[in-house]
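This is what each chain is made of:
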Amino acid sequence: MKIAVVGGGPAGLFFSILMKRADPRHEITIFERNRLDDPFGFGVVFSDATGHNLAEAEPETFAVMAQRFARWNDIDIHHQGQVLRSTGHGFSGLSRRALLEILAARARSLGVELRFNCEVSGPEMLRGADLILGADGFNSTVRGWYPDVFRPTIDVRPNRFVWLGSTRPFPAFTFYFKYDEHGLWRVHAYQYEGGCATFIVEATEQTWRAAGLEHATEEDTIGFCERLFADELEGHRLLENRSLWRQFATVRNECWHHGNVVLLGDAAHTVHFSIGSGTKLAMEDAIALAGALEQGDDVAAALVAFEAARRPPVESLQRAAQVSLSWFEDTERYMSMHPLQFAFSLLTRSLRLTHANLEMRDAAFVERVDCWFAERAAKQSGVSAGPTPAVPAPTPAPAVPAPARAPTPAPVVPPLFTPFKIRDLVLHNRVVVSPMCQYTAEDGTVGDWHIVHLGSRAIGGAALVMAEMTDVSREARISPGCAGLYKEEHVRAWKRVVDFVHRWTEAKIGIQLGHAGRKASTKLIWEGDNEPLEEGGWPILSASAIAYYPHSPVPREMSGQDMEAVKADYVRAAHMAEEAGFDWLELHCAHGYLLASFVSPLTNRRTDEYGGSLENRMRYPLEVFDRVRAAWPQHKPMSVRISAVDWLPGGVDSAEAVEIARGFKAHGVDIIDVSAGQTVAEQRPAYGRLFQTPFSDRIRHEAGIPTMAVGNISSYTDVNTILAAGRADLCLLARAHLWDPYWTRHAAYEMGYSYRWPNQYSSLNRYTPRFT
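Throughout this description, residue numbers start from 1 for each chain and increase along the sequence as written. Residues qualify for local features only when their pLDDT is at least 70, as the model is predicted, and side-chain atom pairs are given and counted only at 80 or more; totals for whole chains, interfaces and linings, by contrast, use all residues. Excluding hydrogens and water, the side-chain values take into account all heavy atoms of the structure.

1. Description of the sheet that holds strand β7 (residues 91-95)
Part 1 of the reasoning: Pairing is antiparallel across the open sheet formed by 3 strands, whose spatial order is β3-β7-β4. The two strands at the open ends of the sheet, each matched to only one other strand, are β3 (43-47) and β4 (70-72). Here the average twist between neighbouring strands, direction ignored, is 25°.
Part 2 of the reasoning: When DSSP finds two or more bridges between two strands, those strands count as paired. Helix numbering and strand numbering both begin at the N terminus, where a helix is a DSSP run of H or I of at least 4 residues and a strand a DSSP run of E of at least 2. Alignment of β3 against β7, held across 5 bridges, turns out to be antiparallel. Paired with S47 across the strands is F91, a residue of β7.
Part 3 of the reasoning: Docked against the sheet, helix α4 (residues 96-109) engages β3 and β7, running at close to 80° with respect to β7. Axis definition: a line fitted to C-alpha atoms, limited for helices to the stretch in contact. Angles are taken between N-to-C directions and run from 0 to 180 degrees. We call two residues contacting when some pair of their heavy atoms lies within 4.5 Å.

Okay, here's the thing in structure tokens:
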């Protein structure tokens, strides 16, 4: 095969090595616009896991690289005058210049032709090549050949950063956070070879401009940073290498290949330097592409297979990088945290490194974090965290031996099992069963299904079980199968459920009151999600006369009379919820339902005092909240569920969500349940693991109010991580509880935490499950 590689960086060189080693008959030419000894930057970083991948793919090259590595296991975080060290991380650093020299020498030895100082102006220069590789970096020429096919997007981030070097041999991967009169400065520093380190300085646009650096030369930058970080540099100098202030840009391409042309590395995708090396990603691209090409002679099929296999892990890493870079963009938000929590938040910022991962690396550090968290929770709630008694417990429960396969119970309580107090209510752990519509009620009346559904999950150990969205009138229902609280028989039916939970479990039970608005009068979800009823429907209303789907009925825009009637429905439902004995009430103001339709500019086109500005759009939801809060007992908590983003330009975004939370906070809400989307059918959500947690994090810190995180939270280590990092106060799990009603008890078992079963199931206290 005749292969033309545009770009002589790590991606192109490593790919060429792999292809030549697989078949020496390949004719490979690399075209590089710069000289070999002319690299940008200072050092590159590889995790131990990445090193293993590279060694497996090309052991000879990796062995030479390893001889030049600077290695470290520790991360040092400097915060509020303290140095917090976490160990066990396993990284290696290498100068970029050394890496390129090693790769170029290996490629030459295998017969790859290297042409430096050679610019490729267009595809016509490479006619006759069976494969053209675009590995020419962020400013890719190849990507520009076919923009309508690759369809690139470039997201330029607001922070400013400069890539410097230093002669100080940092003993660990080091983070500094330092204020001066201009603002907060962040430093990412690590050694990559003896006597040489990378020293990246980062700041917000505002801080950078306040320091007068917008016109700074390299010499100016060096002088400013050496003065600012004189103590941290300990007499060592900073070094320059095209060290200009930049803004990071995330590159994405909808397609990575066209014909016989394929993009690799930064030409195809970039990841922020805070999560790792783009070099690592580029070299792993090379491994994947070489592997796909080895499967046969069909280049087109290989490129399709390469992209299909490689895109998911790349996009997953880009999502993690997005969360990580956001942490550094918003570091000011976290600076008042306790140093231990600040360090834990930083270490787990990408949502990929979890409480359990960190515990495997550095159990002592995690124990310190857990001890601090448990002590704070005990002080806040007035209840000591610890193993819970069986319920009901007419006699003391017997001591519980540790399961044979589980580790010795932890000396401290995991964050998941710490108590949480809100008004007069104390939850004995931080796990909540998320409200999930069951579509099994009859004219709003719940039955046996709901007793089993909610009762089993209460037995399963969750501290709070939330009943599904319960509609405040017959016309407020999403579907004919939705639960309601608008008739006396509804109170009696719900009381059966509430009484079961209270009698037989420790759990508290809450209800979510809502009105479906323009999403009402639809089929049961398994018959067609949000699809309008073909017969038996009812009139619907909303903030504005906008249909959900083009074929959905158009709702009536609410009049003042309609608004008063709906407020009265909410008040009646709140009184009924109290009569039924619920412990907690949530107002549903998310997912495009009636109250949410006022909040979002996508669904609110009103020109009166209820439309236009956010203040006006919030007016009616706040009026409803005030009426419900007045009707609901003052000693009982009340939450509001919001959609933090609409996932569509022009809709609510995360910054506006903070203002929405502040609005409800000013009116007395106790906690915000942070969801997202489902406002409009044409939404473009960015799904992924814990995908809504960053919105909870932002609202909690910027609005200064407790939050509940929800959205693709599955594992106990997810919950522990979210809580310990201060991203939420409670965690709601939906599908995880459908899959496993005893999720909380099973989480305790997996963590080796003593969590007694009810007396009726007490034999399980001595049971060791086997799954194979």
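Having seen the model, we can carry on.
2. Let's talk about the side chain of E468
Part 1 of the reasoning: Within the fold, E468 resides in strand β22 (residues 464-471).
Part 2 of the reasoning: The side chain of E468 is buried and forms no salt bridge, while R457, the nearest opposite charge, is found at 11 Å.
Part 3 of the reasoning: Any pair of nitrogen or oxygen atoms within 3.5 Å is treated as a polar contact; in protein, a donor-acceptor pairing is required on top of that, and neighbouring residues in sequence qualify only through side-chain atoms on both sides. Of note is the side chain of E468, whose polar atom sits 3.2 Å from the backbone nitrogen of Q438.
Part 4 of the reasoning: Residues in contact with E468, not counting those within four places in the same chain, are P435, M436, C437, Q438, Y439, H450, A483 and Q512. For every residue, the accessible area obtained with a 1.4 Å probe (protein chains only) is divided by the maximum for its type, and the residue is called buried under 20%, exposed over 50%, and partly exposed between those limits. A positive count includes Lys and Arg, and a negative count includes Asp and Glu. His and the chain ends are not counted in either. Salt bridges are identified by distance alone: a Lys or Arg side-chain nitrogen within 4 Å of an Asp or Glu carboxyl oxygen.

3. Description of the sheet that holds strand β2 (residues 27-32)
Part 1 of the reasoning: Taken in spatial order, the 6 strands line up as β8-β2-β1-β9-β18-β17 in an open sheet, and their pairing is mixed. For this open sheet the edge positions go to β8 (113-116) and β17 (257-258), each flanked by a neighbour on one side alone.
Part 2 of the reasoning: For β17 and strand β18 (residues 261-263), the ladder comprises 2 bridges, and the chain directions are antiparallel. Following the sheet pairing, H257 is matched in β18 by V262.

4. What to know about the pairing of β7
Part 1 of the reasoning: Most of β7 is tucked away: 5 of the 5 residues are buried.
Part 2 of the reasoning: Where burial is concerned, the two faces of β7 agree: the one with F91, G93 and S95 and the one with S92 and L94 are both buried.
Part 3 of the reasoning: Two elements, β4 and β7, share 3 bridges in a ladder whose sense is antiparallel. Bridge pairing links W72 to F91 in β7.

5. Considering the packing of aromatic side chains
Part 1 of the reasoning: Two rings belonging to Phe, Tyr or Trp (six-membered ring only in the last case) form a pair when the distance between their centres is within 6.5 Å. Interplanar angles under 30 degrees mark stacking, angles over 60 mark edge-to-face geometry, and anything in between is tilted. Using the criterion set out here, one finds 41 aromatic pairs in the structure.
Part 2 of the reasoning: Measuring from centroid to centroid gives 5.1 Å for W327 and Y334, while their planes differ by 10°, and the two rings are stacked.
Part 3 of the reasoning: Given the relative accessible area of 3%, W327 is considered buried.
Part 4 of the reasoning: According to the relative accessible area criterion, Y334 is buried, its value standing at 2%.
Part 5 of the reasoning: Aromatic ring contacts, followed pair by pair, group W72, F91, F173, F175, F177, Y190, W327, F328, Y334 and F342 into a single cluster.
Part 6 of the reasoning: Charges are assigned to positions over rings by a cutoff of 6 Å between ring centre and Lys NZ or Arg CZ, combined with an angular limit of 35 degrees from the ring normal. Taking the ring centre of Y593 as reference, the NZ or CZ of K519 above it sits at 4.8 Å.

6. Thoughts on the confidence of the model for the protein
Part 1 of the reasoning: On average, the protein scores 94 in pLDDT, and the residues at 70 or more come to 96%.
Part 2 of the reasoning: Per-residue confidence from the predictor is given as pLDDT, running between 0 and 100. Predicted confidence is poor over residues 389-410, with pLDDT under 50, and the contacts of this stretch with residues over four places away or in other chains come to 42 contacts.

7. Side note on the environment of G41
Part 1 of the reasoning: Relative to the helices and strands, G41 is located in the loop between β2 and β3.
Part 2 of the reasoning: Residue G41 is classed as partly exposed on the basis of its relative accessible area, which comes to 22%.
Part 3 of the reasoning: Discounting residues that sit within four places of it in the chain, G41 has contacts with W163 and N241.

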